[in-house]
Amino acid sequence: MDFEDSAVEGKARAEARAFLDQHAELKRGDDRDWSRWGATTDPERAAEYRRRCREWQTTLYDNGWAGITWPKEWGGRGGTRTEQIIFGQEAARYDVTPGFIGAAQALVGPTLIKWGSEAQKERYVRPLLRGDEVWCQLFSEPGAGSDLSNLAARAVAADHPADGWVVDGQKVWTSSAQHADFGILLARTDPDVPKHHGISFFIVDMATPGIDVRPLIQAQGVAHFNEVFLDSVLVPAENLVGELGNGWKVARTTLGNESQMISGGGQANTFPNVLATARRVGRTDDPTVRQELARVWGNEAILKYLQLRLQSAIAHERWDQMLHGSLLKNAFTRALSHRTTLAVDLEGAEGMLWDDAEGGGFWQYQCLNQFAARIGGGTEEVHRNNLSEQALGLPREQRSDLDLPWSQTKK
Ligand SMILES: Cc1cc2nc3c(=O)[nH]c(=O)nc-3n(C[C@H](O)[C@H](O)[C@H](O)COP(=O)(O)OP(=O)(O)OC[C@H]3O[C@@H](n4cnc5c(N)ncnc54)[C@H](O)[C@@H]3O)c2cc1C
């Protein structure tokens with residue numbers, strides 16, 4: 001396998017670098033980098049981080065670098081998956097990020113482009129891509145996470161069909177709902193058919209009366225995600241995406257983009273941060289610390305290799321090789337646990353501090369955040385199940401409720 005750039009790829013990389021050099025600063029690897037401020041407990045700094053994320057997204061859009069694989073017709077660059085991967089590799093070296101808006105954008109955009117009506121695309125896709133409007137994903141519920149198709153939020157036709165739908169239910173884990181203008185919502189429109197068949201996919205204006213967003217404060221003291229209660233929320237008929245009862249199919253497009261996004265990102269250039277901490281506390285000559293540093297470096301090399309394998313599968317649309325995503329997810333979360341715990345250990349007594357620790361609690365935040373990474377985008381266990389069934393050919397899990405009407409399944 002040749003990982004070197006072809007002539008075309010080399011040209012794409014040079015173009016990306018030229019744009020980034022002109023519009024962004026290289027990362028310094030410490031607290032001066034605003035792109036790290038997503039990991040802060042200071043509300044003012046968090047607000048500044050969100051402002052800069054949106055500003056960066058607008059810069060990307062206005063210069064033709066947003067939505068690299070999205071069609072030009074909808075504001076994208078009309079490029080290839082390889083170009084997107086190359087841009088991501090280059091951008092990781094700079095102090096920029098779309099941050100809190102990036103995830104929902106990567107999920108919602110391709111879903112609306114594939115399944116939305118012309119009017120929906122016209123109304124929503126460009127403001128989404130430019131960062132003018134922020135979105136969230138209203139899928140998971142208290143009883144439907146790994147088994148998402150078990151969801152119980154109900155959408156019932158309003159008295160006058162032209163009025164659309166009335167939605168009642170509870171969502172949970174909804175990232176950035178407290179900052180969102182719109183949400184993509186899965187709700188059950190027919191409980192009397194098997195669980196995958198009675199679900200529909202809607203666009204919801206988060207300012208609609210009856211929506212109550214309650215932030216969930218995590219151990220770090222910040223709220224990344226929320227509970228969202230929906231109480232007789234009126235959703236206009238034109239906000240149905242795809243056909244009635246076809247929401248699972250639409251959601252699969254969203255979830256496919258989620259695994260690509262989660263599996264592909266976030267692991268670049270972490271070793272220098274750990275090494276800088278070891279140097280700062282004067283421990284690089286400690287034999288056990290050197291062992292651990294070599295492990296961090298080795299893990300990073302393995303992650304990069306797995307990432308390349310996955311990116312190659314995505315670039316060539318080899319969906320049969322997407323299993324590398326499950327492998328990468330587990331390797332990534334294990335490596336994350338190891339390096340963040342090591343960094344906090346290296347800080348010694350200072351590691352028990354938070355904002356007063358050097359770096360404003362960067363490692364403390366990362367260390368606690370490892371648990372979110374291990375659950376979000378499919379838990380480690382679910383990805384290992386995936387590997388055991390699809391890579392190892394072990395018997396499939398027992399599933400007794402696939403053909404039963406959802407209303408008759410055990411809750
Ligand atoms: C940081 C973060 C952000 C998120 N953002 C969003 C968002 O914006 N929108 C949204 O809709 N959702 C979001 N989620 C929810 C996420 O998709 C779910 O948490 C995830 O799918 C797991 O579901 P659950 O929490 O209900 O756990 P459960 O499915 O209840 O699982 C509980 C435990 O059982 C294990 N388990 C479950 N099924 C199996 C199985 N078949 N085999 C073996 N073990 C199993 C799991 O691994 C886990 O340890 C987010 C989650 C996190 C952590």
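Above this text is the structure in question.
In this report, the structure presented in the accompanying data block is examined. If you're wondering where the values come from, they're calculated on a predicted model, not measured in any experiment.

**A look at the overall build of the chain**
Here is step 1: Within the chain, the regular secondary structure consists of 11 helices and 8 strands.
Here is step 2: What you see for the chain is a C-alpha radius of gyration of 22 Å, in line with the 22 Å of a compact globule of 411 residues.
Here is step 3: When its C-alpha atoms are laid out on the principal axes, the chain stretches across 70 × 45 × 45 Å.
Here is step 4: Taking all 411 residues of the chain together, 45% fall into the buried category.
Here is step 5: Taking the intrachain contacts of the chain between residues at least 6 apart in sequence as the baseline, contacts between residues at least 24 apart amount to 70%.
Here is step 6: Carbon and sulfur atoms form 52% of the exposed surface of the chain, whose accessible area is close to 20200 Å².

**Focus on the environment of Asn-299**
Here is step 1: You can see Asn-299 is positioned in helix α8 (residues 287–315).
Here is step 2: Exposure remark for Asn-299: the relative accessible area of 23% places this residue in the partly exposed category.
Here is step 3: Measuring from C-alpha to C-alpha, the distance between Asn-299 and Ile-101 comes to 28 Å, with 198 residues separating the pair along the chain.
Here is step 4: With sequence-adjacent residues up to four places away left out, Asn-299 is seen in contact with Ala-335 and His-338.

**Structural notes on the nonpolar core**
Here is step 1: Ranked by size, the top nonpolar core spans 65 residues in total, and within it Phe-87 and Trp-135 carry the most contacts.
Here is step 2: Shared between two domains, this core holds at least three residues of each, these being domain 1 (7–97) and domain 2 (135–245).
Here is step 3: In contact with Trp-135, other than residues within four places in its own chain, are Ala-104, Val-108, Leu-112, Tyr-124, Leu-128, Ala-180, Phe-182, Gly-183, Ile-184 and Ile-203.
Here is step 4: Core analysis: the second largest hydrophobic core is formed by 14 residues, Leu-275, Ala-278, Val-289 and Ala-343 among them.

**Quick notes on the packing of helix α7 (residues 271–280) against helix α9 (residues 323–346)**
Here is step 1: Between α7 and α9, the shortest axis-to-axis distance is 9 Å and the interhelical angle comes to 15°. Classed by the angle they form, the pair α7 and α9 counts as roughly parallel. As α7 runs across α9, the sense of the crossing is left-handed. Residues Val-274, Thr-277 and Ala-278 of α7 form the contact with α9, whose own contacting residues are Arg-339, Leu-342, Ala-343 and Leu-346.
Here is step 2: Partitioning the contact of α7 with α9 into residue classes produces 5 nonpolar, 1 polar and 1 charged.

**Here's the deal with the site of the ligand**
Here is step 1: Near the ligand lie 16 residues; those nearest to it are Gln-137, Ser-140, Ser-146, Thr-379 and Asn-385.
Here is step 2: Gln-137 is positioned such that a nitrogen or oxygen atom in its backbone is 2.7 Å from a nitrogen atom of the ligand.
Here is step 3: Relative to its free-state accessible area of 970 Å², the ligand is covered by the protein chains to the extent of 69%.
Here is step 4: Taken together, the elements giving at least two residues each to the shell around the ligand come down to β3 (165–175), α10 (362–375) and α11 (380–390).

**Re the pairing of strand β7 (residues 225–235)**
Here is step 1: As judged from the 8 bridges shared by β3 and β7, these two strands associate in the antiparallel manner. When the sheet's bridge partners are listed, Gln-170 is paired in β7 with Phe-229.

Cut-offs applied
- Each chain has its residues counted from 1, running along the sequence as written.
- Thresholds applied to this predicted model are a pLDDT of at least 70 for local features of residues and 80 or more for the giving and counting of side-chain atom pairs; totals over whole chains, interfaces and linings are not thresholded and use all residues.
- Side-chain numbers come from the whole structure's heavy atoms, not from hydrogens or water.
- A run of H or I in DSSP becomes a helix once it reaches four residues, and a run of E becomes a strand once it reaches two; helices and strands are each numbered from the N terminus.
- Here the globule rule is a power law, 2.2 Å times the number of residues to the power 0.38, and the radius of gyration is based on C-alpha atoms.
- Using a 1.4 Å probe on the protein chains alone, a residue whose accessible area is under 20% of its type maximum counts as buried, one over 50% counts as exposed, and one in between counts as partly exposed.
- Should any heavy atoms of two residues lie within 4.5 Å, those residues are counted as being in contact.
- What sets the accessible areas is the Shrake-Rupley method with a 1.4 Å probe; for residues, cover comes only from the shown protein chains.
- The definition of a nonpolar core used throughout is a set of buried Ala, Val, Leu, Ile, Met, Phe, Trp, Tyr and Cys residues joined through side-chain atoms within 4.5 Å.
- What counts as a domain boundary in this text is fixed by an automatic or database domain assignment.
- For helices, the axis comes from a line fit to the C-alpha atoms of the stretch in contact; other axes are also lines fit to C-alpha atoms, and the angle between any two N-to-C directions lies between 0 and 180 degrees.
- Each angle receives one of four descriptions, namely roughly parallel if under 35 degrees, roughly antiparallel if over 145, roughly perpendicular if within 65 to 115, and oblique otherwise.
- Here a crossing is taken to be left-handed if its near helix is turned anticlockwise relative to the far helix by less than a right angle, and right-handed if that turn runs clockwise.
- Under the scheme applied here, ten amino acids are nonpolar (Ala, Val, Leu, Ile, Met, Phe, Trp, Tyr, Cys and Pro), four are charged (Asp, Glu, Lys and Arg), and all others, including Gly, are polar.
- Here a residue is considered near a molecule or strand provided that any single heavy atom belonging to it is located within 4 Å of it.
- The definition of a polar contact used here is a pair of N or O atoms within 3.5 Å, where within protein one atom must be able to donate a hydrogen and the other to accept one, and adjacent residues in sequence count solely through side-chain atom pairs.
- The pairing criterion is simple: DSSP has to find at least two bridges between the two strands.

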